[in-house]
Amino acid sequence: MTKKNALWLFVIILLFGRIIFFMSGQPIVRADALLYLQAAQSMLRTGELAHPTFQAKTLSILVAPVMALFGPPDSYGIISAEAGGNTARAAGLFQLIQLCADAAMLLVLFHVFRRSARTSSLVSAGMIALLFLQPVTAGWVNWVFPDTLTMATFVIGLCFFTAATRAGRRWPLALAGLGGLLMGVSGMLRIDMLALIAVLMVIAFVLLWIGRFPRLGRLALVTCLGLASPVAAVMAAEMHAHGDPRYIIVNSSDNPSLSMPHYHQWTRSWIYTQDEFATFVLGEGHDASWSGYDVKAFPARAFASDVDRQIADIALKRWKALGYDANVDAAFAQVSNDLAHARPMQKWVLAPAIRVLTLWPNRDGGAAIKSVLHTRDRMPGVAIVVLGCKLVILLIAGIGGVLGLRSLRRSLFAHRRLVLTDFRLLLVLCGLAVIGRTLELVVLNLFVGGSSMETRYLLPVWPCVIAIALYGYVRVVEIIRDRA
């Protein structure tokens, strides 16, 4: 057996071990997972897409055939939290599908970096450790959520698209079309990814145009057709089923910005931490024991003055006694407006930026490991492992980003024109994806619903961070080896 074949055999063994490890954890059917499973059940009953709401149910298009394998829709009964029977079996198979998608993405990244880096045992070992032993990209595989598949389709699509720009590449248009199609699926699963993907593609086409890439028009056309196809197909299905092409209805009743608009507007002005998010947004008013009914539970930065604290106190007591009504909402409108005028920097810059930036090294995202180890939701050991992996990856990615800028600058001076294709284009788009997704979530945190503090929203671009980290690791090893 050759050294190369032995390396790939080792990688395959690691991937199988990774899949078996995470499959030993039970699938979790709670929260939004119930909505996707219920929508898939409705699709099997009616043969049409579920009625659109504020939250897209496009993941149900992929969940429905999985559920159909285990029986007709009525065999699932009423789908509820932690349901057993066919629901658990379908969730378990979907968990395996997500793990396979994660594995495919890691294999594609490994292939890209093995081809671009000079071969050495140390480089290969480091790449394998960074890719296949990190728990971050598998953090949500046991949830019936769209984020893992969004991540895999986006990153693999990006790799295929950039591979199509490689000089001498066979079938470049097929690769570009497939890359666009996969990124279109990613945008279909999470509509907020569509804007990021569109911006990345515009930047990529501009960079290729500056570099005088041949046949750019055909490449751009094929990529855009592939990108638009999944979204167009869903819109056509919605039009056929409901007479309306939209698969998201912004003013639907499940939009949190409409149900308690000024309370959510107020929380977006001062929530910093994930614990505050869990208490005051996820836990809002669910039962009489909610700690948020006591004004003392809120931090000082939530109020512009003692008068506003008293107004909020009265509103919270009314909310507990009578429910959230127009009077309660009006009180929070005043408190929110006063806070925005008193501390505009906190509302418009600090609060949304801190909420998003703290998600990068956050302890959350280890749900799959916790399920495997049968631990409590916030077991310190698991949190430390996940946090440590994230910090290491972020550190190496920072080094890679610095080295990448230096390499790009030298290239610009050497070639007298911008030449960004294939692997180098992938690195640039990965860096822009990380920055773009962060800025996108900051904007969403300013205007949409309650403050968003779930690490899974950053999951689609975590492999981009890992890609930059791989480049940083390879470059550091090469520099040390050359100097030695």
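Quick notes on the rules
Residues numbered from 1 in each chain as written. Predicted model: local features only at pLDDT ≥ 70, side-chain atom pairs only at ≥ 80, totals over all residues. Heavy atoms only, no water. Axes fitted to C-alpha atoms, helices over the stretch in contact; angles between N-to-C directions. Helix = DSSP H or I, 4+ residues; strand = E, 2+ residues; numbered from the N terminus. Parallel < 35°, antiparallel > 145°, perpendicular 65-115°, else oblique. Contact = heavy atoms within 4.5 Å. Nonpolar A, V, L, I, M, F, W, Y, C, P; charged D, E, K, R; others polar. Core = buried A, V, L, I, M, F, W, Y, C linked by side-chain atoms within 4.5 Å. Buried < 20%, exposed > 50% of the residue type's maximum accessible area, 1.4 Å probe, protein only. Left-handed = near helix turned anticlockwise from the far one by under 90°. Salt bridge = Lys/Arg side-chain N within 4 Å of Asp/Glu carboxyl O.

**Overview of the packing of helix α7 (residues 172-189) against helix α8 (residues 192-210)**
1) Next: Axis separation between α7 and α8 bottoms out at 7 Å; the angle between their running directions is 150 degrees. One element, α7, and the other, α8, form an angle in the roughly antiparallel class. Contacts from M183, S186 and G187 in α7 reach M193, L194, I197 and M201 in α8.
2) Next: The class makeup of the residues in the contact of α7 with α8 is five nonpolar, two polar and no charged.

**Considering the nonpolar core**
1) Next: Within the largest apolar cluster, 123 residues are counted, with the highest numbers of intra-cluster contacts made by F113, F132, F154, F161 and M201.
2) Next: With 13 residues, helix α4 (residues 85-116) is the single largest residue contributor to this core.
3) Next: With near-sequence residues (within four places) excluded, M201 lies in contact with L158, F161, M183, T223 and L227.
4) Next: M260, F280, A302 and L339 belong to the second largest nonpolar core, which has 25 residues in total.

**Quick notes on the packing of α7 against helix α9 (residues 216-242)**
1) Next: One way to put it is that α7 packs onto α9 with a least axis distance of 7 Å and a crossing angle of 30 degrees. The pairing of α7 with α9 is recorded here as roughly parallel in orientation. For the crossing formed where α7 meets α9, the hand is right-handed. Here P172, L173, A176, G177, G180, L181, M183, G184, V185 and M188 of α7 come into contact with α9, specifically with R218, L219, V222, T223, G226, L227, S229, P230, V231 and V234.
2) Next: Across the contact of α7 with α9, the residue classes break down as 13 nonpolar, six polar and one charged.

**Here's the deal with the pattern of salt bridges**
1) Next: Across all of its chains, the model carries 10 salt bridges by this definition.
2) Next: The residue D325 makes a salt bridge to R318 at a minimum N-O spacing of 2.9 Å.
3) Next: The class of D325 is partly exposed, set by a relative accessible area of 22%.
4) Next: On the basis of relative accessibility, which here comes to 30%, the residue R318 falls in the partly exposed class.
5) Next: The network of salt bridges with common partners includes D32, D147, R190, D192, R437, E440 and R456.

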